[in-house]
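Listed below, chain by chain, are the residues.
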Amino acid sequence: MKNSKVEEAEAIIIRNSDLKNIDVIALGNDMHDLCTKLFPICRSITGNGFRASLNILKNDLGLKDLRQIEVPTGTKCFDWIVPKEWNIKDAYIIDPNGNKICDFNASNLHVVNYSIPVNKTVSLATLQDHLYSLPEQPNAIPYITSYYKERWGFCLTQNQRDQLIEGDYQVVIDSTLEDGSLTYGELIIPGETEEEIFISTYLCHPSMANNELSGPVVTLHLAKWLMNLDARKYTYRIIVIPETIGSITYLSRNYKTMKKNIIAGFNVSCVGDDRVYSYLPSKQGDTFADISLLHVLNHTHPDFMRYSFLDRQSDERQYCSSGIDLPVCSVMRSKYGEYPEYHTSLDDLTLITPAGLLGAYQVLQKAIKCLEMNETLCTTVLCEPQLGKRGLYPTISTKESSAIVKDMMNFLAYCDGSLSNLEIARIIGAPLWELEDTINKLKAEGLLRVC
Amino acid sequence: MKNSKVEEAEAIIIRNSDLKNIDVIALGNDMHDLCTKLFPICRSITGNGFRASLNILKNDLGLKDLRQIEVPTGTKCFDWIVPKEWNIKDAYIIDPNGNKICDFNASNLHVVNYSIPVNKTVSLATLQDHLYSLPEQPNAIPYITSYYKERWGFCLTQNQRDQLIEGDYQVVIDSTLEDGSLTYGELIIPGETEEEIFISTYLCHPSMANNELSGPVVTLHLAKWLMNLDARKYTYRIIVIPETIGSITYLSRNYKTMKKNIIAGFNVSCVGDDRVYSYLPSKQGDTFADISLLHVLNHTHPDFMRYSFLDRQSDERQYCSSGIDLPVCSVMRSKYGEYPEYHTSLDDLTLITPAGLLGAYQVLQKAIKCLEMNETLCTTVLCEPQLGKRGLYPTISTKESSAIVKDMMNFLAYCDGSLSNLEIARIIGAPLWELEDTINKLKAEGLLRVC
Amino acid sequence: MKNSKVEEAEAIIIRNSDLKNIDVIALGNDMHDLCTKLFPICRSITGNGFRASLNILKNDLGLKDLRQIEVPTGTKCFDWIVPKEWNIKDAYIIDPNGNKICDFNASNLHVVNYSIPVNKTVSLATLQDHLYSLPEQPNAIPYITSYYKERWGFCLTQNQRDQLIEGDYQVVIDSTLEDGSLTYGELIIPGETEEEIFISTYLCHPSMANNELSGPVVTLHLAKWLMNLDARKYTYRIIVIPETIGSITYLSRNYKTMKKNIIAGFNVSCVGDDRVYSYLPSKQGDTFADISLLHVLNHTHPDFMRYSFLDRQSDERQYCSSGIDLPVCSVMRSKYGEYPEYHTSLDDLTLITPAGLLGAYQVLQKAIKCLEMNETLCTTVLCEPQLGKRGLYPTISTKESSAIVKDMMNFLAYCDGSLSNLEIARIIGAPLWELEDTINKLKAEGLLRVC
């Protein structure tokens, strides 16, 4: 089965002109492998599953600077309080015939996440009040949580539920809900300036693949790439958190620095499937995060879906909340909440592919590259420079003119100090990363300088 | 026939989800009854017909604070002069066969409004120079005026005109055109602030129903509602005037106060028929008057017609003239000049309906409500507040999220002090009046405060 | 053939409602005649052909103030250097059969413009490296230049080229490339203010008609019209230059004055054929040059083609380069580079027509008229003035209102000091030139004054 995935990835890679060598194929497979390794762990917004997953990411990718931070239960974070820590060893139901059903070991989605411990016998009628299933997706186990109200419950497929008979059921949840801490990971990669690019991803979901193993796996592979770069203009702040309470907790401890330094940020989630890309803007809508991401998607995947800020449902809710207002937008393939497998057992390892993960990795890589390249340049001579004598312009005039020359002349026309590289690239309709050679040549000739 | 009107109104009301109780049905009928009472009176831009109509409105609605103001003939008002007062007792033509035609008592539209007195015998040829009819609407008597040039004339249907025979005609117009005054009504309803909402409507047309009895009748019913409110943030300036010369006269005496205090205004005309709504923007186009009215129409009647400011033909010409430039837009059902019955005898009591009047009343009521609710709010905590612990958010996370919760979270995200409630409601696509409970709850919880 | 052209022009003129009298027909013919006279001369960016053409234009149009300026070879102009002067007496090839082909006297397009002198015998293979033809237009001689690299070459039709046989060819180019000067013409027509309208056209192409004799011929006929006006608000700066190096040279000597004074400018090129008009905006896009030209084209030729600034290929490249940034846009009929005859021998005197030249002349004339009329006016009274007592408004109110009155009232509504005439005309959708009478009447009545 792995082989067929590789072939499928290769087939897609061959179709994509920007994916050309064997390294990127390997990268896609590495990312899928790491998702596979992380998949079985039962994660939640707190607890050992989160810690174990964070450790695998750190160790497998060699990110020794990825710090694990623990915030104690009861800590006040703006309007919120860090909840008790939840851990679970086992959970199941024994039906009237003595069969074990809803077995946590078969799928950790069977237990309502954050269920309090229970061990008792109940009638079918009582049990029904604690069961969750999806009538319209009868083969899927739903993913249900109850973080802020103490409950117990089980999730199962509608088909399973329909077969339940009258009688006594023993329900067992061997969980603990106790003072402990909330865990998150933080990786600061220093750059030439204190200005920061921020990447946030979350790791609190149990066994689901697109939402959410794809997010931390793609993000931390980008971190590895960033650490290996010769130079970085920006400092990178990369965090792996539990959703919502994690971003609120992180902001409550860091928002002043973040508001001062962050020039662009991305919330990374649901980036592993093969379907079209999704973009969800920041509240402001025209930050450099938005501009760079749109610039990449418009050139590389013009069929992407454009959502409204009003459709946000993830940590961008906190990053773009009133008073925080960070320049953070979100990139996804199939957006959370919009694909049929979302928040069910169908969001498994077959939904994500090496090519899917790799594509998202490359989109974010290009967006970061655009931000790293972004600066405001001015021409050093009035009128167009004579490019012919510098070998940058055809010496014979025929009816055709090349696209490269046209892009170069258009780029120069806008280098008047009022627009940055990225804004100019957007206006002239050329991918900024394809202008890199041209810009470097013009700088080398002394025709462009930083304003 | 009245009963059938009630049934028709009820039928329409049942279709409209916002019209649910018997009170509003009664209100529609009351408004139509008042139009019926006012219909026969021969009004003009000055004279006793205007005064009689204003008195009926004042007395029937119990608006004791509605002041009647008289401005003497010859008063200079900017570039204009208050004209002589016109009154008329009778008018008719005796045809060569001795029949009385164009009888003022049958329809006051038969006489050109502001006709000077005449009593003489003329040939058919001479008479024709003083006759007005509509060849394309052969059953309609046109409405013709000659306020600023002294003329006499008669209006009749084309069918009547085609039957005129050669011979001598006695023409009689028993009118007076003498020094007197121009009359208007003004009602100031005080609020908590000196800031004003302005409503202007005109009452100078003789026996026509949509244009114009619908305007003053709807406006003064709104005045009655406003007076009965427990509290009003804004002061209301409501005027009932003759068109054009009335708004110029009123402005010449009040424009300094108006420019200082008015934050939004509406010109109300042609608001009684059952056809789609019409909106005509202010010159500026994005005043709170425009924003609130568009907000209401977009949510309640998205099929409304949107006209250009260039299409204005009523008192908004003065309110939005250069140098005056008040934030006034216009709301109509069928716009003046655009419906076939306009300015003819076909604009009668069958054209307007209880439901038609009621709908316009409710649109304006909602627009006013939006303005009264409009304020700039700020969140009191950073990040999203924890609404779950306050019972404002579901405690269990499933695949669905409610529209109310989504609207609430979106509203909060924009409460950063840069936008008012109404602007936020527009951005998030939710009717402001439906957010009232949510806003009140959030204020009560201390999560929102006026910035 | 000339007669048929006149008839064709007349036919088109009859279709155009703005072309009504015999004078304009004569003007179209005059312009076409002047193109015919200039057509045979071999021009280039320097040399006697340019000078001869400029002299004909000056003398035939009686433009005694049109100065001829010479800039010596080697003069530094920003990043460029004025090249050596090129002149040519003859050029041809003797084929192996002794026939003279590619004869300069038959078409000066046969020689690559700026070819260095040559007189030698070469094989067909060697010759091929110096030949230029167009496989997809086998009957067209291409127009090829090599200004900044020393080359020699011949241009011929693909059909001719296909018939070349093996053998020795004598190639003769009797040209000189020596120190001399670059020539341009400059005509300053003084106005009431130092503010300038700038018109630039180029004259460096050899025997081609639309690109480019149409440009200087239309431009200098406009100059003649401007000189004969009783009054001009603006000073006019009109230049006839070689393309690119000419505009760079001119700017290097004048840009400070130009940046200070020019309020609008036009680059005039390819304005002689009968096809739809083309508009290419300034970099800024909303200068008064753009606004006036778009205003004219929208009203008179709404089917015009709208190009992007990114499509520029002529002297607007320099006028709108970063740091220069003059308010210059371009008007054309078929845009350079976009019509099949472009830069080939097919761009001949049959491609341009009297009506084609005349239409462009009139578009520019109207654009200039809009600029001359442009001023910011304020009403002198509050509210609408009473136009009826001044004979400017109908004294009887019927269902219809005239378009002229509507335009007048709309114009007045916007005369609040925030917009100029031209901006108001654009907003109210009325051609500014058709408002001239109205504006003059309102000024005469004292109702409008310059703010």
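Quick summary incoming for the structure in this document. (Residues numbered from 1 in each chain as written. Chains lettered and ligands numbered in written order. Predicted model: local features only at pLDDT ≥ 70, side-chain atom pairs only at ≥ 80, totals over all residues. Heavy atoms only, no water.)

Observations concerning the overall build of chain A
What counts, and what does not: A run of DSSP states H or I qualifies as a helix once it reaches four residues; a run of E qualifies as a strand once it reaches two. Both are numbered from the N-terminal end. Here the term buried applies to any residue with accessible area under 20% of the maximum for its type, exposed to any over 50%, and partly exposed to those in between, with areas from a 1.4 Å probe on protein chains only. To measure how exposed things are, a 1.4 Å probe is used in the Shrake-Rupley method; for residues, cover is taken only from the protein chains shown. Under the counting rule used here, the positive set is Lys and Arg, the negative set is Asp and Glu, and His together with the chain ends is not counted. In this description, the location of a charge corresponds to atom NZ of lysine, CZ of arginine, CG of aspartate or CD of glutamate.
Helix and strand content of chain A: 13 helices and 18 strands. Overall size of chain A, expressed as C-alpha extent along the three principal axes, is 90 × 45 × 40 Å. Counting only residues that meet the buried cut, chain A has 62% of its 451 residues in that class. Per element, the accessible surface of chain A, about 17100 Å² overall, is 49% carbon and sulfur. Considering chain A, the positive charge centre built from 43 side chains and the negative charge centre built from 56 side chains are found 5 Å apart.

Some words on the relation of the copies chain C and chain A
Just so we agree on the cut-off: Alignment of copies: least-squares fit on C-alpha atoms of residues with pLDDT of at least 70 in both copies.
Aligned on chain A, chain C shows an RMSD of 0.1 Å; the corresponding rotation is 120° and the shift along the axis is 0.0 Å. When the rotation and shift are considered jointly, the pair of chain copies conforms to a three-fold rotation axis. Judged by C-alpha distance, Asp-286 of chain C is the residue of chain C that lies nearest the rotation axis, at 13 Å.

With respect to the nonpolar core
Inside soluble globular proteins, nonpolar side chains tend to come together where they are buried. All names here are of chain C. So the rule is basically this: Residues belong to a common nonpolar core when they are buried Ala, Val, Leu, Ile, Met, Phe, Trp, Tyr or Cys residues joined through side-chain atoms within 4.5 Å. By the convention used here, residues are in contact when the closest approach between their heavy atoms is within 4.5 Å.
Judged by nonpolar contacts, the single largest core of 89 residues is most densely connected at Leu-220, Ile-238, Phe-266, Leu-293 and Phe-411. For this core, the element with the most residues is helix α10 (residues 354–373), which contributes eleven residues. Each residue touching Phe-266, except ones within four places of it in the same chain, is listed here: Ile-197, Phe-198, Ile-199, Ser-200, Ala-289, Ser-292, Leu-293, Val-328, Cys-329, Leu-364, Ala-367 and Leu-371.

Observations regarding the side chain of Ser-321 of chain A
In plain terms, the rule: In protein, a polar contact means a hydrogen-donor-capable atom and an acceptor-capable atom, both N or O and within 3.5 Å, with residues adjacent in sequence counting only if both atoms are side-chain atoms; elsewhere, any N or O pair within 3.5 Å suffices.
With respect to the helices and strands, the residue Ser-321 of chain A is situated in the loop between α9 (316–319) and β16 (328–332). When its relative accessible area of 3% is taken as the criterion, Ser-321 of chain A is described as buried. Among the polar contacts made by the side chain of Ser-321 of chain A, one reaches the main-chain carbonyl oxygen of Gln-318 of chain A at a distance of 2.8 Å. Once you skip the residues sitting within four places of it in the chain, Ser-321 of chain A turns out to touch Glu-316 of chain A together with Cys-383, Glu-384 and Ala-413 of chain B.

A short note on empty space enclosed by the protein
All names here are of chain C. Note the cut-off: Lining residues are those with an atom within 4 Å of a point, where the points come from a 1 Å grid over the protein atoms alone and group into cavities, where a 1.4 Å probe fits but cannot get out, or pockets, open sets with protein on both sides within 12 Å along at least five of seven lines. Grid points are joined across faces, edges and corners, and a volume is the space filled by probe spheres set on the points. Basically, the charged four are Asp, Glu, Lys and Arg, the nonpolar ten are Ala, Val, Leu, Ile, Met, Phe, Trp, Tyr, Cys and Pro, and anything else, Gly included, counts as polar.
Taken as a whole and assessed by the stated rule, the structure comprises five cavities of 30 Å³ or more. In this structure, the largest cavity encloses a volume near 80 Å³. Counting residues per element, the lining of the largest cavity draws most heavily on helix α11 (residues 403–414), which supplies four residues. For the lining of the largest cavity, the residue count by class is four nonpolar, three polar and three charged.

Regarding the interface of chain C and chain A
Rules: Summed over both partners, buried area is the accessible surface (1.4 Å probe) that two parts give up on being assembled. Every case where a carboxyl oxygen of Asp or Glu lies within 4 Å of a side-chain nitrogen of Lys or Arg is listed as a salt bridge.
Taken together, the contact between chain C and chain A spans 34 residues of the former and 27 residues of the latter. Buried area between chain C and chain A, summed over both chains or domains, comes out near 2500 Å², and the portion from carbon and sulfur atoms is 50%. Note that Lys-406 of chain A and Asp-311 of chain C form a salt bridge whose closest N and O atoms lie 3.2 Å from each other. The tally of links between chain C and chain A comes to 16 residue pairs in polar contact (both at pLDDT 80 or more). Every element with two or more residues in the side of chain C that touches chain A is listed here: α7 (245–261) and α9 (316–319) of chain C. In terms of residues, the side of chain C that touches chain A owes the most to one element, α7 of chain C, which gives three residues. Its residues placed into classes, the side of chain C that touches chain A shows 16 nonpolar, ten polar and eight charged.

As for the environment of Lys-443 of chain C
Within the secondary structure, Lys-443 of chain C is located in helix α13 (residues 436–444). Residues Lys-443 of chain C and Ile-427 of chain C lie 16 residues apart in sequence; the distance between their C-alpha atoms is 21 Å.

Concerning the state of the cysteines
Where two cysteines share a covalent bond between their sulfur atoms, that bond is called a disulfide. We count it as follows: When two cysteine sulfur atoms are found within 2.5 Å, that pair is recorded as a disulfide.
Per the counting criterion, the structure on display carries three disulfides over all chains. Each sulfur of the disulfide joining Cys-378 of chain B and Cys-451 of chain B lies 2.0 Å from the other. Its torsion about the S-S bond being 110°, the disulfide of Cys-378 of chain B and Cys-451 of chain B is classed as right-handed. With a gap of 73 residues between them, Cys-378 of chain B in strand β17 (residues 377–379) and Cys-451 of chain B in the segment after β18 (448–450) connect regions that are remote in the sequence. The class for Cys-378 of chain B is buried, based on a relative accessible area of 12%. By relative accessible area, Cys-451 of chain B is classed as partly exposed at 45%. The cysteine Cys-77 of chain B is free of any disulfide, with Cys-383 of chain C supplying the nearest cysteine sulfur at 9.2 Å. The thiol sulfur of Cys-102 of chain C is not disulfide-bonded, and the nearest other cysteine sulfur, from Cys-155 of chain C, lies at 8.1 Å.

Quick word on the sheet that holds strand β4 (residues 85–94) of chain C
Strand-to-strand pairing in sheets goes through backbone hydrogen bonds, with the strands running parallel or antiparallel. Residue and element names in this part refer to chain C. We count it as follows: Pairing between two strands requires that DSSP report at least two bridges joining them.
Pairing is antiparallel across the open sheet formed by four strands, whose spatial order is β5-β4-β9-β6. The strands lining the two open edges of the sheet, one partner per strand, are β5 (100–101) and β6 (118–123). Pairing between β4 and strand β9 (residues 168–178): nine bridges, direction antiparallel. Opposite Glu-85, over in β9, you have Glu-178 as the bridge partner.

Thoughts on the interface of chain A and chain B
Opposite the 34 residues of chain A that make contact, chain B presents 27 residues. Taken together, both faces of the contact between chain A and chain B bury some 2500 Å²; the carbon and sulfur share is 50%. Three residues, Asp-79, Leu-310 and Ser-322 of chain A, lead the burial of chain A against chain B; their summed loss comes to 28% of the area buried on that side. The salt bridge involving Glu-384 of chain B is made with Arg-317 of chain A; its shortest N-O contact spans 2.8 Å.

Digging into unusual backbone geometry
For Asp-325 of chain A, which is not a glycine, the phi torsion comes out positive at approximately 50°. Position of Asp-325 of chain A relative to the elements: it lies in the loop between α9 and β16. The exposure class assigned to Asp-325 of chain A is partly exposed, which follows from its relative accessible area of 31%. Here Cys-102 of chain B, not a glycine, exhibits a phi torsion of approximately 50°, which is positive. Here Cys-102 of chain B lies in the loop between β5 (100–101) and β6 (118–123). You can call Cys-102 of chain B buried: its relative accessible area is 2%.

A word on the sheet that holds strand β15 (residues 305–306) of chain B
All names here are of chain B. Here is the rule: Here an angle of 0 to 180 degrees is reported between the N-to-C directions of two axes, which are lines fitted to C-alpha atoms, with helices fitted over the stretch in contact.
Pairing in this open sheet of eight strands is mixed, and the strands run β1-β10-β12-β11-β13-β16-β14-β15 from one edge to the other. For this open sheet the edge positions go to β1 (67–72) and β15, each flanked by a neighbour on one side alone. The sheet contact formed by strand β10 (residues 181–189) and strand β12 (residues 235–241) spans five bridges and is antiparallel. By the bridge assignment for β12, Gly-185 is matched with Val-240. Against the sheet, helix α10 (residues 354–373) contacts β11 (196–202), β12, β13 (262–268) and β16 (328–332), and its axis sits at roughly 180° relative to β13.

Remarks on helix α13 (residues 436–444) of chain B
All names here are of chain B. Quick note on the threshold: Starting at the helix axis, one direction is taken to each C-beta atom, and the arc is that of these directions.
For α13, the full list of buried residues reads Thr-438, Ile-439 and Leu-442. The buried side chains of α13 occupy one side of the element, clustering within an arc of 95° when seen end-on. Opposite the buried face of α13, by more than 90 degrees, sit the exposed residues Asp-437 and Ala-444. Buried residues along α13 sit in contact with α10, β17, α11 (403–414), α12 (421–428) and β18. Looking one or two places after α13, you find Gly-446, whose phi comes out positive at around 75°.

Description of the packing of aromatic side chains
We apply this condition: Each Phe, Tyr or Trp ring (for Trp, its six-membered ring) is paired with any other whose centre lies within 6.5 Å, and the angle between the two planes then decides the class: stacked below 30 degrees, edge-to-face above 60, tilted in between. As a reminder, the over-ring test applies to NZ of lysine and CZ of arginine, requiring each to be within 6 Å of the ring centre and within 35 degrees of the ring normal.
Evaluated as defined, the whole model comprises 33 aromatic pairs over all chains. Summarising the aromatic geometry, the rings of Trp-152 of chain A and Phe-154 of chain A are spaced 6.4 Å apart at their centres and angled 75° between planes, so their arrangement reads as edge-to-face. Residue classification places Phe-154 of chain A among the buried positions, given a relative accessible area of 0%. Relative to Phe-304 of chain A, the ring of Tyr-279 of chain A has its centre 6.4 Å away and its plane inclined at 80°; by these criteria the two rings are edge-to-face. Here Phe-304 of chain A lies in the loop between α8 (288–300) and β15 (305–306) and Tyr-279 of chain A lies in strand β14 (residues 278–280), a separation of 25 residues in the sequence. Through successive ring pairs, a cluster of aromatic residues spans Trp-80, Trp-86, Tyr-114, Tyr-147 and Tyr-148 of chain A. Lying across the ring of Tyr-307 of chain B, Lys-335 of chain B places its NZ or CZ 5.2 Å from the centre.

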